[in-house]
Amino acid sequence: MRVRFQYWFGSTLDTGEGSTWMIRWKIAVVLVSVAMVVAACGGSGGTGASRSSRPLSTAGGGGTSSDLRIGEIMTGPVSDNSWNYRQSIALKLMESKYDAKTTYIESVPVADASQDAQQLVSNGYNVIIFNSPAFFNSALQLARQNSNITVIAVSAALSIPDQPRNLWLEQAKFAPADYVMGYAAALVANGPKVCYLGGVELPNIIAGANATLRGAKAANASIGGEVNFTGDFDDPAKARLLTSTMINNGCGAFVLLLDDATKGVVQAIKASGKRIPWFSYNSDQSSLDPATYGGGYTFDWDQAYTTVVGKIRAGIRSGSYDLSTGFKLFPLYNMTNDQRNRVQDVYKKVIDGAIKVDSTMTDKVVIP
Amino acid sequence: MGFSDFFGSSVLAAAVLAAVPLLVIATGELTMELSGTLNLALAGLVNAGSATAGTVTYVLGNRGIDLLWGILSSVVIGVVLGVAFAYVTVTLRVHQVTAGLAMFILTSGLGALIYRLGIGVTSRAVQFETLPQLRIPGLANIPYIGKILFSHNLYTYIAVPAIGILLWLLYRSNWGLRLRASGENPRAVDGVGVDVFRVRYISIVIGSTLASLGGAYLSLVLTGSYSPESAIEQGWIALVLVIFGQWRPIPLCLGVALFGYIEALTPELTLKLSSVSSALFLMLPFVLALAVLVATFRRAVEPRSLAKTYEREVRF
């Protein structure tokens, strides 16, 4: 007996003798399962459309006897040679430094951060790091709900009202470092403007953009400035189109606060045929285009992680750590010795506090 | 803002740059849909093609000649994934929406997996070699037009005419007629001796390969890098463009041109209207996509057997 009926989307199912519908549904279920496994294993190579984690059971320094288990929630892929990559190095350092077990989940959407962090806690991780201010609410929530673990949150502020006793805050202000980058960019600009290109309009980043323009003015009072945002730290296609337009509008040097999207900027510069210097953050990216790369900076994440985790081991489970003046310059490329010396001099003055950089202009970009 | 801000040669040249992958990917989906196959894995196919092309190019040495192998590898992954999708939807007759979504999840992860296995996490920033700009002698020097049309790259010069030929074949050849008829009334086509399964297999493989090749453009022409976000975004926009084009070639091409133009104009607007938040302009392509869907979907007439599995033995 053959029975036919309409199901989803109007297709016909045959449930009679010799029917294959059950087999098909099983195949579909298997397909979805395989797909999800591959998606989970693949995670995100270039940037964060999907997410992945190192397998929890095999993470960290195998065979360690330490009770210190650190899990990190990352905003992008560790392969970005930037924000997440740099922090993954610092996390790895905790294995040798403190015999800790470590793991991370990368490319985590903000909406999933709480759930993923809770999963880490369920798997026995007792120190959870949230590596972006975008995760701050999740970090706060996790700290309040789990008094037995310690949470480290990269934050926009060094203190908050009613800070939980198991919450560390790490603040990384971009403004001081961006001031130095703006200064360097103005010295080598191949056009009438120094341009800042950031990922997302966040207060800390807006302050960095303002500092960049002021650093540029300090080097060259007649230089113009322009600021723009791609809307995404990791989308090189958007960055490519935006950069091309900015070059046509007179940008002679770029200061970037982008991760994977940096490659789109470099591609646009190459396509323009002009030698337009660019400066980045978090890693020496001279390999992308040695002919135009000017240099960059990184915060001292190794020191930050070492200090904060060290204090947690010593039983201090709450506090704050300021990375802002602990940034380091990468080698400066494609400039004369005189220019290099001038940049180094300004860098030292910013670090020493001889040059005060305004980090409070977080509301909007003001072209000086 | 003046005329040149909207229609300057730089803006229009950027529009061509942005439109080419959309044209290739959307034509791939159109080919599949005309034969009755809705492939919701399109964005994932673009992603897999982009990752494969870039990774293979880089692993082989990242020199000019390796670009050829990178592009060929994207063809191979497109064919393999196309055959897999065809086997599941045509031979096994799994529902196309279910299979498409499963394949999308798979290919979303597959691209990243290929990148990680081939390149991994490196301390050195990775950039793929890209196809150089190729100014066509004589034509590239024509004022205004030269920069817009004749200052691109080999991929563009080959892809645009090839897509034109494919669209002509789809709508003006016997092969195209059989393919479109398979998407309208596969039973009737079967009745006159045309193998519907074969037609759908071929269309899916062609469509998947084009999607994958569109991905290769992103990594080996546009950005020199692999970004799942860019790839997947392009795939979904291309899917919308097929509806925008109402499954017809000229509206499809107009839609591609419009979206490419909006992509190129957005940075210009962002710079010139700096008092308006850049986030607003970044939404433009998506707002347009939504508006287009609302405006055109009710009038659009899709192939009658779109997304329906064909079973020769079933009696109605």
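Rules and cut-offs
Residues numbered from 1 in each chain as written. Chains lettered and ligands numbered in written order. Predicted model: local features only at pLDDT ≥ 70, side-chain atom pairs only at ≥ 80, totals over all residues. Heavy atoms only, no water. Helix = DSSP H or I, 4+ residues; strand = E, 2+ residues; numbered from the N terminus. Contact = heavy atoms within 4.5 Å. Areas by Shrake-Rupley, 256 points an atom, 1.4 Å probe, with all protein chains shown as cover. Pairing = 2+ DSSP bridges. Axes fitted to C-alpha atoms, helices over the stretch in contact; angles between N-to-C directions. Buried < 20%, exposed > 50% of the residue type's maximum accessible area, 1.4 Å probe, protein only. Right-handed = clockwise from strand over helix to strand, strands pointing away. Arc of directions from axis to C-beta. Expected span 1.5 Å × (residues − 1). Polar contact = N/O pair within 3.5 Å; in protein donor to acceptor, adjacent residues only side chain to side chain. Parallel < 35°, antiparallel > 145°, perpendicular 65-115°, else oblique. Left-handed = near helix turned anticlockwise from the far one by under 90°. Phe/Tyr/Trp six-rings, centres within 6.5 Å; stacked < 30°, edge-to-face > 60°. Lys NZ or Arg CZ within 6 Å of the ring centre and 35° of its normal. Patch = residues over 30% accessible without salt bridge, like charges linked within 9 Å, V, L, I, M, F, W, Y side chains within 5 Å. Salt bridge = Lys/Arg side-chain N within 4 Å of Asp/Glu carboxyl O. Disulfide = S-S within 2.5 Å. Core = buried A, V, L, I, M, F, W, Y, C linked by side-chain atoms within 4.5 Å.

1. Side note on the overall build of chain A
Here's step 1: Secondary structure summary: chain A contains 10 helices and 15 strands in total.
Here's step 2: Of all intrachain contacts in chain A linking residues separated by at least 6 positions in sequence, the fraction that spans at least 24 positions is 69%.
Here's step 3: Carbon and sulfur atoms make up 53% of the accessible area of chain A, which amounts to about 14100 Å² in all.

2. Describing unusual backbone geometry
All names here are of chain B.
Here's step 1: Even without a glycine there, the phi angle at Arg93 is positive, about 60 degrees.
Here's step 2: Tracing the backbone through its elements, the reader meets Arg93 in the loop between helix H4 (66–91) and helix H5 (96–118).
Here's step 3: A positive phi angle is found at Gln246, which is not glycine, with a value near 50 degrees.
Here's step 4: When you line up the elements, Gln246 lands in the loop between helix H11 (228–244) and helix H12 (249–272).

3. Some remarks on the sheet that holds strand S11 (residues 251–257) of chain A
Strands belonging to one sheet form pairs held by backbone hydrogen bonds; the direction of such a pair is parallel or antiparallel.
Residues and elements named next belong to chain A.
Here's step 1: Sheet architecture is open: six strands sit in the order S10-S9-S11-S12-S13-S15, paired in mixed fashion. Each edge of the open sheet is held by one strand with a lone partner, namely strand S10 (224–229) and strand S15 (328–329).
Here's step 2: The pairing of strand S9 (residues 193–198) with S10 spans six bridges and is parallel. Looking across to S10, one finds that Gly198 is bridged to Phe229.
Here's step 3: Each of S9, S11, strand S12 (278–281), strand S13 (293–298) and S15 is contacted by helix H5 (residues 175–188), which is oriented at about 160 degrees to S11, the strand it contacts most.

4. A few points about the pairing of strand S8 (residues 167–171) of chain A
All names here are of chain A.
Here's step 1: The buried count for S8 comes to five of five residues, which makes it a mostly enclosed element.
Here's step 2: Alternating residues of S8 divide into Leu167, Leu169 and Gln171 and Trp168 and Glu170, and every residue in both groups is buried.
Here's step 3: Taken together, the four bridges between S8 and strand S14 (residues 319–322) define a ladder with parallel strand orientation. When the sheet's bridge partners are listed, Glu170 is paired in S14 with Tyr321.

5. A look at the pairing of S11(A)
Residues and elements named next belong to chain A.
Here's step 1: Burial analysis of S11 places seven of its seven residues in the buried class, which makes it a mostly covered element.
Here's step 2: In terms of strand pairing, S9 meets S11 through six bridges, oriented parallel. Each residue of the ladder has a partner; that of Leu197, found in S11, is Leu256.
Here's step 3: Where S11 lies against S12, two bridges are found, and the strand directions are parallel. From the neighbouring strand, Val255 faces S12, where its bridge partner is Phe279.
Here's step 4: Note on the crossover from S11 through helix H8 (residues 262–272) to S12: the handedness is right-handed.

6. Things to note about helix H3 (residues 113–122) of chain A
All names here are of chain A.
Here's step 1: Within the sequence span of H3, burial applies to Ala113, Asp116, Ala117, Leu120 and Val121. Viewed along the axis of H3, the buried residues span an arc of 150 degrees, placing them on a single side of the element. Set apart from the buried face of H3 by more than 90 degrees, the exposed residues are Gln115 and Ser122.
Here's step 2: Those residues of H3 hidden inside the fold are in contact with strand S4 (69–73), strand S5 (101–106), strand S6 (127–130) and helix H4 (136–145).

7. Some words on helix H7 (residues 154–172) of chain B
Here's step 1: In this model H7(B) runs 27 Å from its N-terminal to its C-terminal C-alpha over 19 residues, within 8% of the 27 Å that 1.5 Å per residue would give.
Here's step 2: Listing the buried residues of H7(B) in full gives Tyr155(B), Thr156(B), Tyr157(B), Ala159(B), Ile163(B), Leu166(B), Leu167(B), Leu170(B) and Tyr171(B).

8. Quick word on the side chain of Glu72(A)
All names here are of chain A.
Here's step 1: Note on placement: Glu72 falls in strand S4.
Here's step 2: Glu72 gets classed as buried once you look at its relative accessible area, which sits at 0%.
Here's step 3: Within the local environment of Glu72, its side chain forms a polar contact with the side chain of Tyr305, the two groups lying 2.9 Å apart.

9. A closer look at the packing of helix H2 (residues 9–34) of chain B against H7(B)
Packed helices, taken two at a time, are described by the angle between their axes plus the distance between the axes.
Residues and elements named next belong to chain B.
Here's step 1: Viewed as axis vectors pointing N to C, H2 and H7 meet at an angle of 25 degrees, and their least axial separation amounts to 10 Å. Relative to H7, H2 is oriented roughly parallel. Of the two possible hands of crossing, H2 and H7 adopt the one that is left-handed. In this structure, H2 contributes Val20, Leu23, Val24, Thr27, Leu30, Thr31 and Leu34 to the contact, and H7 contributes Tyr155, Thr156, Ala159, Val160, Ile163, Leu166, Leu167, Leu170 and Tyr171.

10. Observations concerning the packing of aromatic side chains
Here's step 1: As enumerated under the stated definition, the model contains 23 aromatic pairs over all chains in all.
Here's step 2: Measuring from centroid to centroid gives 5.0 Å for Tyr155(B) and Tyr217(B), while their planes differ by 65 degrees, and the two rings are edge-to-face. Highlighted residues: Tyr155(B) in helix H7 and Tyr217(B) in helix H10 (residues 196–222), separated in sequence by 62 residues.
Here's step 3: Cluster of aromatic residues (ring-pair linked, three or more members): Trp83(A), Phe174(A), Tyr281(A), Tyr297(A), Phe299(A), Trp301(A), Tyr305(A), Phe327(A) and Tyr347(A).
Here's step 4: Across the ring face of Tyr125(A), the terminal group of Arg69(A) is positioned such that the distance to the ring centre comes to 4.7 Å.

11. Quick word on a nonpolar patch on the surface
All names here are of chain B.
Here's step 1: On the surface, Phe3, Phe7, Leu139, Ile142, Tyr144, Ile145 and Leu149 cluster together into a nonpolar patch covering about 620 Å² of accessible area.
Here's step 2: Mapped onto the nonpolar patch, the elements with two or more residues apiece are helix H1 (3–7) and helix H6 (145–149).
Here's step 3: Here Tyr144 is to be found in the loop between strand S1 (134–135) and H6.

12. So, the state of the cysteines
All names here are of chain A.
Here's step 1: One pass over the structure, following the stated rule, counts one disulfide over all chains.
Here's step 2: With its sulfur 1.8 Å from that of its partner, Cys195 forms a disulfide with Cys251. An S-S torsion of about -85 degrees defines the bridge between Cys195 and Cys251 as left-handed. Residue Cys195 is located in strand S9, and its partner Cys251 is located in strand S11; the two are separated by 56 residues in the primary sequence. Each member of the pair, Cys195 together with Cys251, is buried.

13. Comments concerning the pattern of salt bridges
Here's step 1: Summed over all chains, the structure comprises 13 salt bridges over all chains.
Here's step 2: The salt bridge partner of Arg116(B) is Glu106(A), with a shortest N-O separation of 2.9 Å. Highlighted residues: Arg116(B) in helix H5 and Glu106(A) in strand S5, drawn from two different chains.
Here's step 3: On the basis of relative accessible area, Arg116(B) is assigned to the buried category, the value being 18%.

14. Quick word on the nonpolar core
Here's step 1: Counting residues in each nonpolar core, the largest one holds 99 residues, and the members touching the most others are Leu30(B), Tyr155(B), Leu241(B) and Trp247(B).
Here's step 2: By residue number, the principal contributor to this core is H2(B), which donates 16 residues.
Here's step 3: Setting aside anything within four residues of it in sequence, one finds Trp247(B) in contact with Leu30(B), Glu33(B), Leu34(B), Tyr171(B), Val242(B), Ala300(B), Val301(B), Glu302(B), Pro303(B) and Leu306(B).
Here's step 4: With 68 residues, the next largest nonpolar core counts Leu68(A), Met94(A), Met181(A) and Leu257(A) among its residues.

15. Some words on the environment of Ile262(B)
Residue and element names in this part refer to chain B.
Here's step 1: Mapping Ile262 onto the fold places it in helix H12.
Here's step 2: When the C-alpha atoms of Ile262 and Gly49 are compared, they prove to be 25 Å apart, with 213 residues separating the residues in sequence.
Here's step 3: Sequence-distant contacts of Ile262, that is, excluding residues within four places in its chain, are made with Leu284, Pro285 and Leu288.

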